[in-house]
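Residues per chain, in single letters:
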Amino acid sequence: MRCWVIDKKDVNNSNINSKPSDILKLREDIILPEIDENECLVKIKSAGLNFNSVWSSKLYPADPFSLMNGHVRRNKNDAKHVQNYFIPGSDACGEIVKIKNSENFKEGDEVIIHCAVIADEDLSTKDPMLSKSQSIWGYETNFGSFAEYSIVKNSQLISKPKNLNLFAAGSSLLTLGTAYRMIVSENGGQLKKGETCLIWGASGGLGVFAIQLVKYLGGVPICIVSNKEKLQFCKNLGADKIICLSELENKNFLNTENQFNIKLWLEFSRKIKDLTGEDKVDMVFEHIGKETIALSLYLLRRGGRVVTCAATSGFIANIDLRYVWMEMKKLIGSHFCNPREAMESVTLLEKGYIKNSPSLIMDFNEIPKGLNLIDKRQAIGKIAIKF
Ligand code: NAP
């Protein structure tokens, strides 16, 4: 079958400065292994691009072959995932062509695949994301969505709602499910009606859903974007409180010694006060990391919460702990979502409360080009892939 892969022999040929297109190779000779019990083979009809495939192709902060070895150490029955190739991709929609032991699905069904790979025995726990078996499909496990066919666990399947088009269905769930857990779920920040939520990277793949989820709950999104084009994109999603980094007087979050730029912090407080009447917020939606996490904690009101799922600008960061304990703030870690939260996210799409209109639909052959755009901070919203 045709698929985009990272070859094991190229593991030393990539680094944090490489482009995804430097390492991804198109192959036509890959034959997938047989499916095991409680698994299925899905013919992919559309996929979505995500930042985790940028990390995979930079082999940073860990290469996919080490991650797959880690998955197999925790899941002895999944040894087939360790191959000399790795197929990335963690969002897709497709048709089941072969399935074993399923009461809910059959061959021919159209499905959305969510990316939480969880051992069957852990699925009945309260929050299966907390089980040791959990990995992310197409990032820590093989046979991801950048291929004509993919092998997934039956527990990753959700029926594709009839009213969703292929591109919306195939490019939503990784970031929608992540934002849902961070903002809506009791496992994340559980935003309340009327609360303010500061959203970093508001025009990105997470941000596009974060804005809509905050509004859905009756909260107030305060969006942060880096330029006017991204500002307009957020306005089109119904946001009216937006901070544009290019319009601030103070530019850098950190100085050359990695010290906080207090003038920028105060400018942020003033901007937030202009927009909301208060200089602090109830919640921060974080994924930037090193450059912004200390500022995010500073901008919280007493007892507020920062919910974080990533650290795009760096994962070793300085924070000022005084603001955490003196003002009783919470820092909550969050990672994708469990199968129940994924199902609830798709229901919001099905009912039209949340929308996904990918900004760009690219051809299967253009996957590396699309990932280059995400890497360079040039993508807006979601990119869907046509097969
Ligand atoms: P995205 O579509 O690329 O959007 C991220 C946005 O963040 C960019 O558009 C950019 O917007 C902003 N940004 C600010 N500082 C940045 C920096 N130093 N480098 C790059 N972007 C910066 O990505 P995404 O899908 O929203 O994902 C964002 C991060 O979350 C990634 O690291 C991703 O791997 C992670 N993630 C984690 C999970 C999880 O489950 N743990 C799930 C989804 C995503 P401006 O240019 O407007 O500032």
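Residues numbered from 1 in each chain as written. Predicted model: local features only at pLDDT ≥ 70, side-chain atom pairs only at ≥ 80, totals over all residues. Heavy atoms only, no water.

Engineer: Explain the site of the ligand to me, using residue names and the numbers behind them.
Structural biologist: In the vicinity of the ligand, 22 residues are found, and the nearest of them are Gly205, Ser226, Lys230, Cys309 and Phe336. For the ligand, an oxygen atom lies 3.0 Å from a polar atom in the side chain of Trp55. The separation between an oxygen atom of the ligand and a polar side-chain atom of Ser226 is 2.7 Å. Summarising the interface, the protein chains cover 90% of the accessible area of the ligand, which totals 910 Å² for the free molecule. Sorting the residues of the shell around the ligand by element identifies α2 (51–58) and α5 (173–183) as the ones contributing at least two each. Broken down by element, the residue count for the shell around the ligand peaks at three residues, all from α5. The residue inventory of the shell around the ligand, partitioned by class, reads 10 nonpolar, 10 polar and two charged. Shared between two domains, the shell around the ligand holds at least three residues of each, these being domain 1 (3–175 + 337–386) and domain 2 (189–333). (Near = heavy atom within 4 Å. Polar contact = N/O pair within 3.5 Å; in protein donor to acceptor, adjacent residues only side chain to side chain. Areas by Shrake-Rupley, 256 points an atom, 1.4 Å probe, with all protein chains shown as cover. Helix = DSSP H or I, 4+ residues; strand = E, 2+ residues; numbered from the N terminus. Nonpolar A, V, L, I, M, F, W, Y, C, P; charged D, E, K, R; others polar. Domains from an automatic or database assignment.)

Engineer: Give a detailed account of the sheet that holds strand β2 (residues 25–27), specifying residues and quantitative values.
Structural biologist: Judged by pairing direction, the sheet is antiparallel, and its three strands sit side by side in the order β2-β1-β4 without closing on themselves. Since the sheet does not close on itself, it has two edges, and those belong to β2 and β4 (85–86), each with one partner. (Pairing = 2+ DSSP bridges.)

Engineer: Can you tell me about the pattern of salt bridges, naming the residues and giving the values?
Structural biologist: Taken as a whole, this structure holds 26 salt bridges when the rule is applied. A salt bridge links Arg322 to Asp320; the shortest N-O distance between them is 2.5 Å. The exposure class assigned to Asp320 is buried, which follows from its relative accessible area of 17%. (Salt bridge = Lys/Arg side-chain N within 4 Å of Asp/Glu carboxyl O. Buried < 20%, exposed > 50% of the residue type's maximum accessible area, 1.4 Å probe, protein only.)

Engineer: Break down the pairing of strand β11 (residues 196–199) for me, with residues and values.
Structural biologist: Side-chain alternation along β11 places Thr196 and Leu198 on one buried face and Cys197 and Ile199 on a second face that is also buried. By the bridge criterion, four bridges tie β11 to strand β12 (residues 220–225) in an arrangement that is parallel. Within β12, the position partnered with Cys197 by the bridge is Pro221. Between the parallel elements β11 and β12, the chain passes through helix α6 (residues 207–216) in a crossover that is right-handed. Bridge analysis of β11 against strand β14 (residues 281–286) gives three bridges, and the strand direction is parallel. Pairing of Ile199 across the sheet is with Phe285, part of β14. (Right-handed = clockwise from strand over helix to strand, strands pointing away.)

Engineer: Can you tell me about the nonpolar core, naming the residues and giving the values?
Structural biologist: Core analysis: the largest hydrophobic core is formed by 64 residues, its most contacted members being Leu157, Ile183, Leu213 and Phe285. Per-element accounting of this core gives the leading share, seven residues, to α5. A domain split of this core shows at least three residues from each of domain 1 (3–175 + 337–386) and domain 2 (189–333). Apart from residues lying up to four places away in sequence, Phe285 is in contact with Ala179, Met182, Ile183, Cys197, Leu198, Ile199, Trp200, Leu206, Ala210 and Val307. Membership of the second largest hydrophobic core comes to 25 residues, among which are Leu198, Leu245, Leu264 and Ala294. (Core = buried A, V, L, I, M, F, W, Y, C linked by side-chain atoms within 4.5 Å. Contact = heavy atoms within 4.5 Å.)

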